[in-house]
Amino acid sequence: MSVTIDDELWSAVGDPIRRRMLDLLLAGGGTATTLSEQLPVTRQAVAKHLGVLGRVGLVHVTPSGRERLYEVDEAQLARAVAQLSSVGATWDARLRRIKQIAEAIQRSREG
């Protein structure tokens, strides 16, 4: 199964703060304020990170009074997981091939 890799999506989740934000949001959603209380960055930085995650479709926002409630888009997250699995499978195959080559070289030196 071949999956097209979305570079913008992977750039968005490549940041450790954004990955932590996704973890927190998966636990039940949140606002920029509630997230900033749990992260080592300001509310303004949280808002910028949420904007990045929103642009790639990983979070969606619902107005809730004066705040905005952010939640993870599970379909987009599933797409990201599928991409990661595809990349992992590709690298597993490459590493198996490298191992075969190294073993063949070793056998030829021993024999």
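Just so it is clear, the model here is predicted, and its values are computed rather than measured.

Trainee: I'd love a proper account of the confidence of the model for the protein chain, names of residues and values included.
Mentor: The predicted structure's coordinates, where accompanied by low pLDDT, should not be read in detail. Here the protein chain averages 89 in pLDDT, and 95% of its residues register 70 or above. The lowest-confidence element of the protein chain is helix 1 (residues 7–13), averaging 85 in pLDDT; the highest-confidence one is helix 4 (residues 43–55), averaging 96.

Trainee: Quick one: what's the story with the pairing of strand 1 (residues 59–64), residue by residue and with numbers?
Mentor: As paired elements, strand 1 and strand 2 (residues 67–72) share six bridges and run antiparallel to each other. Residue pairing for strand 2: P63 is matched across the bridge by R68. The hairpin turn running from strand 1 into strand 2, its antiparallel successor, is two residues long, and G65 in that turn takes a positive phi close to 65 degrees.

Trainee: Just give me the short version of the packing of helix 2 (residues 16–26) against helix 4, but keep the residues and values in it.
Mentor: Running from N to C, helix 2 and helix 4 point in directions that differ by 80 degrees, and their axes come no closer than 10 Å. Overall, the two elements helix 2 and helix 4 adopt an arrangement that is roughly perpendicular. Of the residues in helix 4, those in contact with I17, R18, M21, L22 and L25 of helix 2 are V46, H49, L50, V52 and L53. Residues that form the contact of helix 2 with helix 4 fall into these classes: eight nonpolar, one polar and one charged.

The rules behind these values
Residues numbered from 1 in each chain as written. Predicted model: local features only at pLDDT ≥ 70, side-chain atom pairs only at ≥ 80, totals over all residues. Heavy atoms only, no water. pLDDT = per-residue confidence, 0-100. Helix = DSSP H or I, 4+ residues; strand = E, 2+ residues; numbered from the N terminus. Pairing = 2+ DSSP bridges. Axes fitted to C-alpha atoms, helices over the stretch in contact; angles between N-to-C directions. Parallel < 35°, antiparallel > 145°, perpendicular 65-115°, else oblique. Contact = heavy atoms within 4.5 Å. Nonpolar A, V, L, I, M, F, W, Y, C, P; charged D, E, K, R; others polar.

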